[in-house]
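Results of the structural survey
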Amino acid sequence: MIGLISATAAGAVARDRLAAAWPGRAVVYDGPVREAVRRAFAECEQLVCFLATGAVVRLVAPLLADKAADPGVVCVDEAGRHAVALLGGHGGGANALAVAVGEVLGATPVVTTATDAVGVPGLDMLGLPVEGDVAGVSRAMLDGAPVALRADAVWPLSALPPNVRPDAAGSAVLHITDRIVQLTAREAVLRPASLVVGVGASKDVPVGEVLGLIRDALAQAGLSALSVAELVTVDAKAGEPGIVAAAAELGVPLRTYPADELARIEVPHPSDAPLAAVGTPSVAEAAALAGGGELLVPKRKSQPEGRAAMATCAVVRRAPRGRLAVVGLGPGARDLLTPRAREELRRASVLVGLDQYVDQIRDLLRPGTTILESGLGAEEERARTAVAEARKGHAVALIGSGDAGVYAMASPALAEAGADIDVVGVPGVTAALAAAAILGAPLGHDHVSISLSDLHTPWEVIERRVRAAAEADIIVTFYNPRSRGRDWQLPKALSILAEHREPATPVGVVRNASRPDESSRVTSLAALDPASVDMMTVVTVGNTATREIAGRMVTPRGYRWQSATAAPAPAPAAKAAP
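My aim in this report is to walk through the structure given alongside it, one point at a time. Residue numbers here run from 1 along each chain, matching the order of that chain's written sequence. It should be noted that, the model being predicted, local features are given only for residues of pLDDT at least 70 and side-chain atom pairs only at 80 or more, the latter also being counted only at that level, while totals for whole chains, interfaces and linings use all residues. In computing side-chain values, all of the structure's heavy atoms are included and hydrogens and water are not.

**Some details on the overall build of the protein**
Note on conventions: DSSP H or I runs of at least 4 residues are helices, E runs of at least 2 residues are strands, and numbering of each starts at the N terminus. Counting its secondary structure elements, the protein contains 18 helices and 29 strands. Radius of gyration: over C-alpha atoms. The globule rule applied is 2.2 Å multiplied by the number of residues raised to the 0.38 power. Here the C-alpha radius of gyration of the protein, 31 Å, is well above what a compact globule of 578 residues would show, namely 25 Å. When the backbone C-alpha atoms are referred to their principal axes, the protein occupies close to 110 × 65 × 55 Å. With a 1.4 Å probe rolled over the protein chains alone, any residue whose accessible area is under 20% of its type maximum counts as buried; one over 50% counts as exposed, and the rest are partly exposed. Evaluated residue by residue, the protein yields a buried proportion of 45% over its 578 residues.

**Thoughts on the pattern of salt bridges**
For side chains bearing opposite charge, pairing can occur when the charged atoms are close. By salt bridge we mean one thing: a side-chain nitrogen of Lys or Arg within 4 Å of a carboxyl oxygen of Asp or Glu. Applying the stated criterion across every chain yields a total of 27 salt bridges. The shortest N-O distance in the salt bridge between Asp30 and Arg15 comes to 3.5 Å. Taken together, the residues span a long stretch of sequence, with Asp30 in the loop between strand S2 (26-28) and helix H2 (33-43) and Arg15 in helix H1 (residues 9-21) at a distance of 15 residues. Arg467 is the partner of Glu463 in a salt bridge, and the nearest nitrogen-oxygen pair spans 3.3 Å. On the criterion of helical spacing, the pair formed by Glu463 and Arg467 is a turn pair, its members being four residues apart in helix H17 (residues 459-471). A relative accessible area of 25% means that Arg467 is categorised as partly exposed. Counted as one network, the salt bridges with shared partners bring together Arg15, Asp16 and Asp30.

**Things to note about the sheet that holds strand S11 (residues 187-190)**
Two strands pair under a simple rule: DSSP has to find at least two bridges between them. Taken in spatial order, the five strands of this open sheet run S7-S11-S10-S8-S9, and their pairing is mixed. Looking at which strands have only one partner, the edges of the open sheet turn out to be strand S7 (130-132) and strand S9 (164-165). One ladder, built from four bridges, connects strand S10 (residues 172-176) with S11; its direction is parallel. Note on S11: the bridge partner recorded for Leu174 is Ala188.

**A short note on the side chain of Ser453**
Within the secondary structure layout, Ser453 lies in the loop between strand S23 (447-451) and H17. Distance and chemistry together define a polar contact, namely a pair of N or O atoms within 3.5 Å, with one atom able to donate a hydrogen and the other to accept it when in protein, and with adjacent residues in sequence counting only for side-chain atoms on both sides. Side-chain polar atoms of Ser453 contact the backbone nitrogen of Leu455, separated by 3.4 Å. Look past the residues within four positions of Ser453 in its chain and what remains in contact with it is Ile462, Asn480 and Arg486. Pairs of residues are marked as contacts when any of their non-hydrogen atoms sit within 4.5 Å.

**Thoughts on the pairing of strand S13 (residues 228-234)**
Within S13, six of the seven residues are buried, which leaves the element mostly enclosed by the surrounding structure. Taken together, the four bridges between S13 and strand S14 (residues 254-257) define a ladder with parallel strand orientation. Its bridge partner being in S14, Thr233 is matched across the sheet by Thr256.

**So, the sheet that holds strand S19 (residues 370-374)**
Pairing is parallel across the open sheet formed by five strands, whose spatial order is S19-S18-S20-S17-S21. For this open sheet the edge positions go to S19 and strand S21 (422-426), each flanked by a neighbour on one side alone. Within the sheet, the average angular offset between the axes of one strand and its neighbour, ignoring direction, is 15°. Pairing of strand S17 (residues 323-328) with S21 involves five bridges; the strand directions are parallel. Note on S21: the bridge partner recorded for Val326 is Gly425. Across the sheet, helix H12 (residues 339-347) touches S17, strand S18 (350-354), strand S20 (395-400) and S21, and the angle it forms with S17 is around 140°. Whenever a helix is involved, its axis is fitted only over the stretch in contact; in every case the axis is a line through C-alpha atoms, and angles between N-to-C directions fall within 0 to 180 degrees.

**So, unusual backbone geometry**
The phi torsion at Asn480 lies on the positive side, around 45°, for a residue other than glycine. On the secondary structure map, Asn480 appears in the loop between strand S24 (475-479) and helix H18 (489-498). Despite not being glycine, Ser514 has its phi angle at roughly 75°, a positive value. Structurally, Ser514 is set in the loop between strand S25 (506-511) and strand S26 (519-524).

**Structural notes on the packing of H1 against helix H4 (residues 94-105)**
Packing of H1 against H4 leaves a shortest axis separation of 10 Å and a crossing angle of 100°. By the angle between their axes, H1 is roughly perpendicular relative to H4. Residue-level contacts link Ala14, Arg17, Leu18 and Ala21 of H1 to Val101, Val104 and Leu105 of H4. Partitioning the contact of H1 with H4 into residue classes produces six nonpolar, no polar and one charged. Angle categories are assigned with fixed cut-offs, so that under 35 degrees is roughly parallel, over 145 is roughly antiparallel, 65 to 115 is roughly perpendicular, and the rest are oblique. The nonpolar class holds Ala, Val, Leu, Ile, Met, Phe, Trp, Tyr, Cys and Pro. Asp, Glu, Lys and Arg form the charged class, and all remaining residues, Gly among them, are polar.

All quantities given are derived from atomic positions and should not be read as evidence of function.
Below, the structure is given as structure tokens:
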């Protein structure tokens, strides 16, 4: 929850705007300011104070306890010009909160955390537990000093700065491993979620026995409990209190598998006891191996004093899964690039894309991002490259204009990708939508997009689709309408539409939608000159209900205009004065 505190009428106005924007996430604290801050600090994960920073410093100073536990605090000035991340920039989420406050209030976020200021990811913001001299290693990263990277495998993390590399010869070291390592000054370790612990247990097993067994097994194998991704067991034990509580204590999910699925998995130590009890000769080993991986700790039993063991466990290391984000950049304007697309670009360690699209967003990438760019006509090569990089374990962003799933990179990439990588789609504003917004409301009823390029689709198929849209009275947006080597397809498509629509049917022509050299016009089916159209143009042909109104293309949501004429109804005749 986010606590909102103000001391003045102007602050209360901005405070209430946040409260309205974040229903269920924010709560207003009224009353004397000192008491309101004290209560909010104790009860909320984050605070937004509409007070001077000096006042907030004095109010929260006596309340500070621990960097890992204190809430994030953001201050907003009386005029609402700045949102200052004052406390808990990373751990408390104040940096992100300052940005969110700025988006609602139109304030400028003020973030002074060094890593955020220069675009370097903080070690505590990479999504993995981190141990050791985090400040010392972070300082070396910021200073550009060599930082030796000691990673057991490639993990899909954000790009690390160029001075962090395996061959760096410096005093600072960053480990990425699930193994226990002895750390010295200027050494830190990131803990990937690589370990899966299979657990079998008798009914009413004590949680302490389960936890003790797991911790002993990990410690004796030289493995960190911070790298445990999940506990796994058989379905029959899904509600076993000792196992459920152990997962909660470790802060990991509990996953279960059907007994018949576990029974099909080959294990080194099958047993008749679990077969009789739950229907599979192995629980701990089979459950741990169910998702694949390397068995590091074979089945072992707990060793309670004075009674028989009630728990077994086994530990498997799973290989990293790379991540492929297929990102739509929109039609070109920076303000039409979605926040989610920005996040994915910042998250990527490898970017793959057409060179001219890379140039559009190069400044948004983190230092150290590997950029793999190529020219026109290399779509399939880029798709294969992106998938190959993801299979190496990287976090990859494959970019395309508009929406990456519309005449862009998503289709060839997903045709290459298998179940061995994670794939995320990030939608973007399409050229058709950007052009439609410029033209007015031409897509108010059923509409279709058709590419006139026959490089990938035979013309016979394209023509059949155009004819179907024409006969069905569907609004058509033409992509790739005309190039120097393809100059007859657009006239042919327009002639097909003209068989079913009046010559006066409105046609919208938009070139470079949303870009600095954008141009647009509304003409008619009869008047459109195909020679004025090129590959940077989107052509939208209305249906029989589409009208030009005040220079804009408008298609009604229904067919009430179908029988109406384009001209407005005449005004009633004026009555003569008596």
